[in-house]
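Notes for the structure review
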Amino acid sequence: MTINTDDKENTATSLADLDKVAGEAVAEAAAETEAPAQPAQPAPPLREQEIDDLGRAYATGRRKDAVARVWLKPGKGAITVNGRDQAVYFARPSLRLVINQPFDVTERRGQYDIVATVKGGGLSGQAGAVKHAISQALTRYEPALRGAVKAEGFLTRDSRVVERKKYGRAKARRSFQFSKR
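Below is a summary of the structure that appears in this document. If you're wondering where the values come from, they're calculated on a predicted model, not measured in any experiment.

Rules used throughout
Residues numbered from 1 in each chain as written. Predicted model: local features only at pLDDT ≥ 70, side-chain atom pairs only at ≥ 80, totals over all residues. Heavy atoms only, no water. Helix = DSSP H or I, 4+ residues; strand = E, 2+ residues; numbered from the N terminus. Expected span 1.5 Å × (residues − 1). Bend = angle between axes of the 7 residues up to and from the residue. Buried < 20%, exposed > 50% of the residue type's maximum accessible area, 1.4 Å probe, protein only. Contact = heavy atoms within 4.5 Å. Pairing = 2+ DSSP bridges. Axes fitted to C-alpha atoms, helices over the stretch in contact; angles between N-to-C directions.

Here helix 3 (residues 93–106) is 14 residues long and its end C-alpha atoms lie 20 Å apart, about the 20 Å a rise of 1.5 Å per residue gives. At asparagine 100, helix 3 shows its largest kink, close to 50°, and the proline proline 102 lies no more than four residues downstream. What helix 3 keeps buried is the set Leu95, Ile99, Asn100, Pro102, Phe103 and Thr106. At its buried positions, helix 3 is contacted by strand 2 (66–74), strand 3 (79–81), helix 2 (86–89), strand 5 (112–119), helix 4 (123–141) and helix 5 (146–151).

The structure is reproduced here in structure tokens:
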């Protein structure tokens, strides 16, 4: 494609020349308007760090009927649940894996000490509640981690609960055994 004009200085013989001519025109227009240069400012964090007087972040987590209160502070990675070590309180390894998921996602395992109190529900629900609370506390201590934790779905409370028993039924949906005679 060849574009020839009568003007000698704006003669373009290919698409590359046309791009160069157009780029020069844009540069000239920008030089004429000369807006004052604004210094680039770092984007402020969307949330602020929430720490108490003792340097801890507090959060509450819930799952099924369990409610967990968690205090997170920098340390060696000790997790205490209701005054006992996590290995004693949550004997099943799968429950300990659930609790440590937020640390694995954010690559912070062994960097924070956790003190948790849990009430209600069974062990599985309590482990889920502690995971939810740890995730909330991590994002309050380090707001920059919120995106990674939220992407994994750890900040969302799992709203599934046991369905209540109905009258005239053995359980929520199970009927009594039918007798023909």
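Across the sheet, 5 strands lie side by side as 1-2-5-3-4; this open sheet has mixed pairing. Either end of the sheet is taken by a strand with one partner, and the two such strands are strand 1 (57–63) and strand 4 (84–85). The strands touched by helix 3 are strand 2, strand 3 and strand 5; relative to strand 3, the strand with the most contacts, the crossing angle is about 145°. Most of the contacts of helix 4 go to strand 1, to which it runs at about 150°, and overall it touches strand 1, strand 2 and strand 5.

Time to look at unusual backbone geometry. Most peptide bonds are trans, and most residues other than glycine sit at a negative phi. Notably, lysine 64 is not glycine yet its phi reads approximately 50°, a positive angle. Here lysine 64 is to be found in the loop between strand 1 and strand 2. Despite not being glycine, asparagine 82 has its phi angle at roughly 50°, a positive value. Within the secondary structure, asparagine 82 sits in the loop between strand 3 and strand 4. The class for asparagine 82 is partly exposed, based on a relative accessible area of 31%.

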